[in-house]
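Here are the chains, one letter per residue:
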Amino acid sequence: PGINETDSAPAEGNTEWCERRLLARIHRYTIERLRAEIEPVAAADYVRFLLEWHGLTAEPKPEGPQALAATIERLEGFEAPAAAWEADILPARLNNYDTEWLDSLCRAGRAAWMRLTAPRAPAGKDKAPSPVRTTPIALLTRRNLAIWRVASQARSDEVMRLSPRAQSVADFLAGQGASFFDEIIHGTGLLKTQAEEALGELVALGLAAADSYAGLRALLIPADKRGGYRGRRRRLVEFGIEEAGRWALVHRHGTENSESTPEQVEAVARTLLRRHGVVFKRLLEREATFLPSWYELLRVLRRLEARGEIRGGRFVAGPAGEQYALPEVVSALRAMRKKPKGGKLVSVSAADPLNLIGIVL
């Protein structure tokens, strides 16, 4: 008596308390309600969403270094043949792609490139030369470089023997640290073509990288075709290896302490969510083998759902198992279901992460 709703309401800023099991039950009911609100979309609609999510069908297409930086964040950790990045994958996502955008991001310390997986030496051979064009290369953001290095350490202990020239360059870089191409030539006594071949071997084995993407680009283009190229912007683009900046060894730690921490697994899970919008087990077939297992990712994804940062449920019809998505993706999938099909033909490279034949389609 004498107490109204205003009197019984807690004052703003006061701490409220709830029995733990009751709070867990309320939280569980909330998650179940959110999952029940979701209606899965067809696989074709999910692929249409991915094409727009990555900019292949966006109008207008993104353009400029900042758009490229966002694209790298979405694609980081995905390994594609070195020749495919600037020939197919990046130009498909950006309007009037310019090679200088990637070089400037690398020189500014915002992006990096390297091979994350190590090749296996064929039985009976000391060394298996691998063409740099087909070498799987990943684009990374510098701030996440340590995370991807640790993630890629679950690898074979089998080490391929370097050629004498590659060993000479590796020893020089190990002793002198990051060095320019001219310094490598003078320090090792190799000819220019010999030093290029040695660097190409180290890159193919995932043991070296350069400050700029121009270094990898120079290794992809034969020396007799590097003179220069006038792009769509009528600007002369030099492909000489001298413009690559410094070369350095990619330091890798031993495999005895290569287990990823929960923070590193969470960083990989967030990257997969940015790349695919929706994450489920079958999508890992398209990713690198060094990524955490689905069991490890599942624990992190469940925790993120409990925090309310992502959504769980059935988002894409077809794939079995648990599925998780970014909150903004749920509404985007609903809109894509209602969006009429325009009949537009979209060409996707076989090396592109959006090539989901046999996984979704």
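Look above for the structure.
Residues numbered from 1 in each chain as written. Predicted model: local features only at pLDDT ≥ 70, side-chain atom pairs only at ≥ 80, totals over all residues. Heavy atoms only, no water.

### Quick look at the overall build of the protein
Threshold: Strands here mean DSSP runs of E at least two residues long; helices mean DSSP runs of H or I at least four residues long; both are numbered from the N terminus. Each residue gets one of three labels from its accessible area relative to the maximum for its type: buried under 20%, exposed over 50%, partly exposed in between, using a 1.4 Å probe on protein chains only. Should any heavy atoms of two residues lie within 4.5 Å, those residues are considered in contact. Note on areas: Shrake-Rupley, 1.4 Å probe, and residue coverage restricted to the protein chains presented here.
Along its length, the protein carries 14 helices and 11 strands. Across the 361 residues that make up the protein, the buried fraction comes to 48%. Look at the contacts in the protein between residues 6 or more apart in sequence, and 77% of them connect residues 24 or more apart. Roughly 19,200 Å² of accessible area belongs to the protein as shown, and the carbon and sulfur atoms make up 53% of that amount.

### Examining the nonpolar core
This is how it is decided: Joining through side-chain atoms within 4.5 Å is the link that ties buried Ala, Val, Leu, Ile, Met, Phe, Trp, Tyr and Cys residues into a set, and such a set is a nonpolar core.
If you look at the biggest cluster of nonpolar residues, it comprises 104 residues, and the most contacted ones within it are Tyr46, Trp113 and Trp247. With sequence-adjacent residues up to four places away left out, Tyr46 is seen in contact with Val41, His276, Val278, Phe280, Leu283, Val316, Leu333, Leu356 and Val360.

### Considering the side chain of Ser212
Using the following cut-off: Whenever a nitrogen or oxygen atom comes within 3.5 Å of another N or O atom, the pair is scored as a polar contact, on the condition that within protein one atom can donate a hydrogen and the other can accept it, and that pairs from neighbouring residues in sequence are kept only if both atoms are in side chains.
Tracing the backbone shows Ser212 in the loop between strand E5 (208–210) and helix H11 (214–220). Owing to a relative accessible area of 2%, Ser212 belongs among the buried residues under this scheme. Within the structure, the side chain of Ser212 is placed 3.1 Å from the side chain of Asp103, a separation counted as a polar contact. Looking at Ser212, its side chain comes within polar contact range of the main-chain nitrogen of Ala214, at 3.1 Å.

### Re the sheet that holds strand E1 (residues 79–81)
Think of a sheet as strands paired side by side through backbone hydrogen bonds, with each pair either parallel or antiparallel. Rule in force here: Pairing between two strands requires that DSSP report at least two bridges joining them. Simply put, an axis is a line fit to the C-alpha atoms, just over the touching stretch for a helix, and the angle between two N-to-C directions goes from 0 to 180 degrees.
What the 3 strands build is an open sheet, ordered E1-E3-E2; its pairing is antiparallel. This sheet does not close on itself; its edge strands, each paired only once, are E1 and strand E2 (111–114). Taken pair by pair, the neighbouring strands of this sheet meet at an average axis angle of 35°, ignoring direction. Both E1 and strand E3 (residues 136–141) contribute to a ladder of 3 bridges, which runs antiparallel. Paired with Glu79 across the bridge in E3 is Ala138.

### Thoughts on the packing of aromatic side chains
A ring pair, where both rings are aromatic, is described by two values, the distance of the centres and the angle of the planes. Spelled out, the test is: Aromatic pairing here means that ring centres of Phe, Tyr or Trp (its six-membered ring) are within 6.5 Å. Orientation follows from the plane angle: under 30 degrees is stacked, over 60 is edge-to-face, and everything else is tilted. To sit over a ring, a charge needs its Lys NZ or Arg CZ within 6 Å of the ring centre and within 35 degrees of the ring normal.
Enumeration over the complete set of coordinates arrives at 6 aromatic pairs. Note on Trp113 and Trp247: the rings are 6.4 Å apart at their centroids and 85° apart in plane angle, and the pair reads as edge-to-face. Within this pair, whereas Trp113 is found in strand E2, its partner Trp247 is found in strand E8 (residues 246–249), the two being separated by 134 residues in sequence. Members of the aromatic cluster, each reached through a chain of ring pairs, are Tyr46, Phe49, Trp53 and Phe280. The positively charged end of Arg74 is found above the aromatic ring belonging to Trp53, 4.5 Å away from the centroid.

### With respect to the sheet that holds strand E9 (residues 278–279)
Pairing is antiparallel across the open sheet formed by 3 strands, whose spatial order is E9-E11-E10. Each edge of the open sheet is held by one strand with a lone partner, namely E9 and strand E10 (311–313). By the bridge criterion, 2 bridges tie E9 to strand E11 (residues 323–325) in an arrangement that is antiparallel. Residue Val278 lies in a different strand from E11, and its bridge partner there is Ala325.

### Some words on the packing of helix H12 (residues 262–276) against helix H13 (residues 294–307)
Threshold: Angular relationships are summarised with four words: roughly parallel below 35 degrees, roughly antiparallel beyond 145, roughly perpendicular across 65 to 115, and oblique for the angles in between. Residues are sorted three ways: Asp, Glu, Lys and Arg are charged, Ala, Val, Leu, Ile, Met, Phe, Trp, Tyr, Cys and Pro are nonpolar, and all the rest, Gly among them, are polar.
Running from N to C, H12 and H13 point in directions that differ by 75°, and their axes come no closer than 9 Å. Here H12 lies roughly perpendicular to H13, going by the angle between them. Contacts between H12 and H13 involve Pro262, Val265, Glu266, Val268, Ala269, Arg270, Leu272 and Leu273 from the former and Glu296, Leu297, Val300, Leu301, Arg303, Leu304 and Arg307 from the latter. Taken together, the residues of the contact of H12 with H13 break down into 10 nonpolar, no polar and 5 charged.

### Section: the environment of Glu305
Relative to the helices and strands, Glu305 is located in helix H13. By relative accessible area, which is 10% here, Glu305 ends up buried. Taking the C-alpha atoms as reference, Glu305 lies 8.1 Å from Tyr324; in sequence the two are 19 residues apart.

### Observations regarding the pattern of salt bridges
Selection criterion: Whenever a carboxyl oxygen of Asp or Glu lies within 4 Å of a side-chain nitrogen of Lys or Arg, that contact is scored as a salt bridge.
Overall, the coordinates contain 20 salt bridges when judged by the stated rule. We note a salt bridge from Glu19 to Arg21, for which the minimum N-O separation is 3.6 Å. Residue class for Arg21 comes out exposed when judged on its relative accessible area of 59%. The salt bridge partner of Arg217 is Asp103, with a shortest N-O separation of 3.0 Å. Of this pair, Arg217 sits in helix H11 while Asp103 sits in helix H6 (residues 99–107), and the two are 114 residues apart along the sequence. Given the relative accessible area of 5%, Asp103 is considered buried.

### Considerations on helix H10 (residues 192–204)
Note the following rule: Expected span of a helix: the number of residues minus one, times 1.5 Å.
For H10, which comprises 13 residues, the first-to-last C-alpha distance of 18 Å matches the rise-based estimate of 18 Å (1.5 Å per residue) to within 8%. Within H10, 10 of the 13 residues are buried, leaving the element largely enclosed by the surrounding structure. Taken as a whole, H10 has its buried residues at Gln194, Ala195, Glu196, Ala198, Leu199, Gly200, Glu201, Leu202, Val203 and Ala204. Once H10 ends, the next one or two residues include Gly206, with phi positive near 75°.

By themselves, these are just geometric observations and shouldn't be taken as functional.
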